Amino acid sequence: PGGGTTAAQAAALAFRGACALQAGQVPEGCTANSDGSVTFSGLTGDTAHNLAADITGNSALFGFWVHPASNFRASVNVDLFSADHAYTRITPRLLRHYRINASYTPIHWAEITGDADIVDSSDNVSQVQDVEHNRSYSIATVFTPSSRFTFDVSYNYNNIYTQAFDCFAASGLPAGFLGVGVPSNTAANPASPITCPLVDPDGNPSPVNIGAISTYKSISNFAYADMMVQPVKQLTFTVGYAANFVRGTTSWFNPTSLVSVNFLNPLTPWGPLRFNYQLPYVTMNWDVYKGLSYVATWNYYGYNTRANNNPAGLIPLGTQDFNGNNMTLSAKYTF
């Protein structure tokens, strides 16, 4: 529907979004009604595939496992997918998913396991340029040389990335983002410019022509270790450490001018995209006699940001770190 107090204002407000006038003409798929409203049929371009579900996809899955020795085994699973159209902009037309698992027992009291989970997907066509991946690699070891001593340690690396062509009317962008023509990197459109003309309510092109690749990236390193020692039968100590180190970015990138700024405004703090979170702990369990135990536990929580959370030009928010020590004393009785 339209709006405003005059017919011209009503028409100007009605011709918006997918029905914004193009060089003063009503775009395909839009119909001007006698009451000043505009009807969008939704049957233009790739939208028609969404409504008709006219999408053809092909998948191939295969896997194998090997057990060449009694102390070693591994498995591999692969999922490949392709489609001629995508239901949404971030629905993949191409998908590759690989999963690898392996375990090795060098001696009876030690085991080493490794895992890899790799997902790559894309809808990398003109005006979309969606490219994504989620890659995770893990290794873990468990040592149990005796019932009075155990030790395990693990590590995980996770890399998440996504990009897509966006047309946001962002504020505070540098001059390199004005009048952007981002070249398509698809084989079908190797040099076609991609622009996002913003049209005002009167149908006039805006002098600001914003278009850029929006990216999100997060790299996480997680580490964990735990050790149990029982010097005597009645006394048990457990010492452990867990930590997560995250470094992420989200930005607009202009491949023409090679300018990258924080999304959507360069003054936006990175916030929880970059931080260190550490959690060491110690536990002592003393079995006084059968059925009665005293337990003492200490936990430390340390969250520290690793980003500029107070950009110049904004009111300082102060520290966003927090640290805490927690001591718990308890008695456990069973019968």
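Quick caveat: nothing in here was measured; it's all calculated off a predicted structure.

Once that is clear, we can look at the confidence of the model for the chain. This prediction gives the chain a mean pLDDT of 81; 74% of its residues lie at or above 70. Scored below 50 in pLDDT, residues 170–194 shows 67 contacts in the model against residues more than four places distant or in partner chains. Here residues 197–201 is a poorly scored stretch, pLDDT under 50, and it has 12 contacts once near neighbours within four places are set aside; other chains count.

Okay, the pairing of strand β3 (residues 57–69) next. Two faces make up the sheet, and in a regular strand the side chains alternate between them. Pairing between β3 and strand β4 (residues 72–83): 11 bridges, direction antiparallel. Residue Ser59 lies in a different strand from β4, and its bridge partner there is Phe81. Where β3 hands over to β4, the hairpin turn is made up of 2 residues, counted between the paired strands.

Here we take up the packing of aromatic side chains. Under the definition given, this model contains 10 aromatic pairs. A ring pair is formed by Trp109 and Phe143, whose centres lie 6.2 Å apart and whose planes are at 55°; its orientation type is tilted. Here Trp109, found in the loop between β5 (94–107) and β6 (110–123), pairs with Phe143, found in strand β7 (residues 130–146); they are 34 residues apart in sequence, far enough to count as distant. Considering the side-chain rings of Tyr277 and Tyr303, the 6.0 Å spacing of their centres and the 70° angle between planes classify their relative orientation as edge-to-face. Within this pair, whereas Tyr277 is found in strand β16 (residues 274–289), its partner Tyr303 is found in strand β17 (residues 292–305), the two being separated by 26 residues in sequence. Using a relative accessible area of 25% as the deciding quantity, one classes Tyr277 as partly exposed. Among the aromatic residues, those joined into a ring-pair cluster are Phe275, Tyr277, Tyr303 and Phe322.

To continue, consider the nonpolar core. Within the largest apolar cluster, 6 residues are counted, these being Ala14, Phe15, Cys19, Leu21, Cys30 and Val38. Ignoring any residue separated from it by four or fewer positions in sequence, one finds Phe15 in contact with Ala20, Leu21, Val26, Ala32 and Val38.

So, on to a nonpolar patch on the surface. A cluster of nonpolar side chains, Phe237, Met284, Trp286, Val288, Tyr289, Tyr294, Tyr333 and Phe335, forms an exposed patch at the surface whose accessible area comes to about 910 Å². Element by element, the count of residues in the nonpolar patch is highest for β16, at 4 residues. Residue placement: Tyr333 occurs in strand β18 (residues 322–333). A relative accessible area of 52% means that Tyr333 is categorised as exposed.

Our next topic: the side chain of Ser218. With respect to the helices, strands and loops of the structure, Ser218 is situated in strand β13 (residues 212–232). Residue classification places Ser218 among the buried residues on the basis of a relative accessible area of 10%. When neighbours within four sequence positions are excluded, Ser218 is seen to be in contact with Asn158, Asn159, Ile160, Val246, Arg247 and Gly248.

What follows deals with the pattern of salt bridges. Scanning the entire structure with this criterion turns up 2 salt bridges. Across the salt bridge formed by Asp123 and Arg93, the nearest N and O atoms sit 2.5 Å from each other. Of this pair, Asp123 sits in strand β6 while Arg93 sits in the loop between β4 and β5, placing them 30 residues apart in sequence. An identical accessibility class is assigned to Asp123 and Arg93; each is buried. For Arg135, the salt bridge is made with Asp120, and the minimal N-O distance between the two is 2.7 Å. Placement of Arg135 in strand β7 and of Asp120 in strand β6 is noted, with a sequence separation of 15 residues between them. We classify Asp120 as buried; its relative accessible area is 11%.

The next point concerns the side chain of Thr236. Among the secondary structure elements, Thr236 is positioned in strand β14 (residues 235–254). Looking at Thr236, the relative accessible area reads 17%, which means it is buried. Separated by 3.2 Å, the side chains of Thr236 and Gln230 make a polar contact. With residues near it in sequence (within four places) discarded, Thr236 still touches Met228, Val229, Gln230, Thr283, Met284 and Asn285.

Criteria and cut-off values
- Residues numbered from 1 in each chain as written.
- Predicted model: local features only at pLDDT ≥ 70, side-chain atom pairs only at ≥ 80, totals over all residues.
- Heavy atoms only, no water.
- pLDDT = per-residue confidence, 0-100.
- Contact = heavy atoms within 4.5 Å.
- Pairing = 2+ DSSP bridges.
- Helix = DSSP H or I, 4+ residues; strand = E, 2+ residues; numbered from the N terminus.
- Phe/Tyr/Trp six-rings, centres within 6.5 Å; stacked < 30°, edge-to-face > 60°.
- Buried < 20%, exposed > 50% of the residue type's maximum accessible area, 1.4 Å probe, protein only.
- Core = buried A, V, L, I, M, F, W, Y, C linked by side-chain atoms within 4.5 Å.
- Patch = residues over 30% accessible without salt bridge, like charges linked within 9 Å, V, L, I, M, F, W, Y side chains within 5 Å.
- Areas by Shrake-Rupley, 256 points an atom, 1.4 Å probe, with all protein chains shown as cover.
- Salt bridge = Lys/Arg side-chain N within 4 Å of Asp/Glu carboxyl O.
- Polar contact = N/O pair within 3.5 Å; in protein donor to acceptor, adjacent residues only side chain to side chain.

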